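Now for the letters of each chain:
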Amino acid sequence: MAFSSSFRRLFAGANSLSSSPSSCVRHCSTLTSPRLFVSGLSRLTTNEKLQDAFASFGELVDARVITDRETGRSKGFGFVTYATIEDAEKAKKGMNAKFLDGWVIFVDPARPREPRRPQQETPQSYSGSGYTTNKTIGWCK
DNA sequence: GTTGAGCGTT
């Protein structure tokens, strides 16, 4: 059978074509911070509601709805902080585009707030020989 | 009562 050889070549070509140099994207959507930004909240949603809605995904360290100081009402978004990043990831995937108080809420990784003044210790852990220990977060299973 | 796409307080 002379067909098998041409088939083999076609398959080999297709296989080599499937390798793209810019396709270095890993299926790893791990967050870099256990802090989540929740938007789309109802103006009636309060901290307890937010906490109650997100508590079932992991250990919730903090959950607060941002309220305007002048009016005392919710600004329509809030922040939730989990004990671990995995829980935050689970909550993000589990609560994103879901309903809360009749509104569709969106969960996204919170942006790192501006560098605060030198009050908190700077854990610049050195390895001993002048090299910084890179404690990169990103457990990819 | 207030219907918006928005990243905050010690």
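Before reading further, recall that the structure is shown in the block above.
So, here is what we can say about the structure in this document.

Analysis parameters
- Residues numbered from 1 in each chain as written.
- Chains lettered and ligands numbered in written order.
- Predicted model: local features only at pLDDT ≥ 70, side-chain atom pairs only at ≥ 80, totals over all residues.
- Heavy atoms only, no water.
- Phe/Tyr/Trp six-rings, centres within 6.5 Å; stacked < 30°, edge-to-face > 60°.
- Helix = DSSP H or I, 4+ residues; strand = E, 2+ residues; numbered from the N terminus.
- Pairing = 2+ DSSP bridges.

Once that is clear, we can look at the packing of aromatic side chains. For any two aromatic rings, the description comes down to two numbers: the centre-to-centre distance and the angle of the planes. One pass over the structure, following the stated rule, counts 3 aromatic pairs. For the ring pair Phe37 and Phe77, a centre distance of 5.5 Å and an interplane angle of 50° mean the geometry is tilted. A residue pair is termed long-range when its members are at least 10 positions apart, and Phe37 in strand β1 (residues 35–39) and Phe77 in strand β3 (residues 74–82) qualify at 40 residues. An aromatic cluster is present here, built from Phe37, Phe77 and Phe79 joined pairwise through their rings.

This part takes up the pairing of strand β5 (residues 103–109). Direction of pairing for β1 relative to β5: antiparallel, over a ladder of 4 bridges. What sits directly across from Val38, in β5, is Val107. Relative to β5, strand β4 (residues 98–100) is paired through 3 bridges, and the arrangement is antiparallel. Its bridge partner lying in β5, Leu100 is registered against Trp103. Connecting β4 to the antiparallel partner β5 that follows it, the hairpin turn spans 2 residues, and Asp101 within it adopts a positive phi of roughly 60°.

Along a regular strand, successive side chains alternate from one face of the sheet to the other. Looking at chain direction, β1 and β3 are connected through 5 bridges and run antiparallel. Bridging from a neighbouring strand, Ser39 pairs with Phe77 of β3. When strand β2 (residues 60–67) meets β3, the two strands line up antiparallel, connected through 6 bridges. In the strand pairing of β3, Leu60 is matched with Tyr82. Linkage of β2 to β3, two consecutive antiparallel strands, is achieved through a turn of 6 residues, within which Gly72 is found at a positive phi near 80°.

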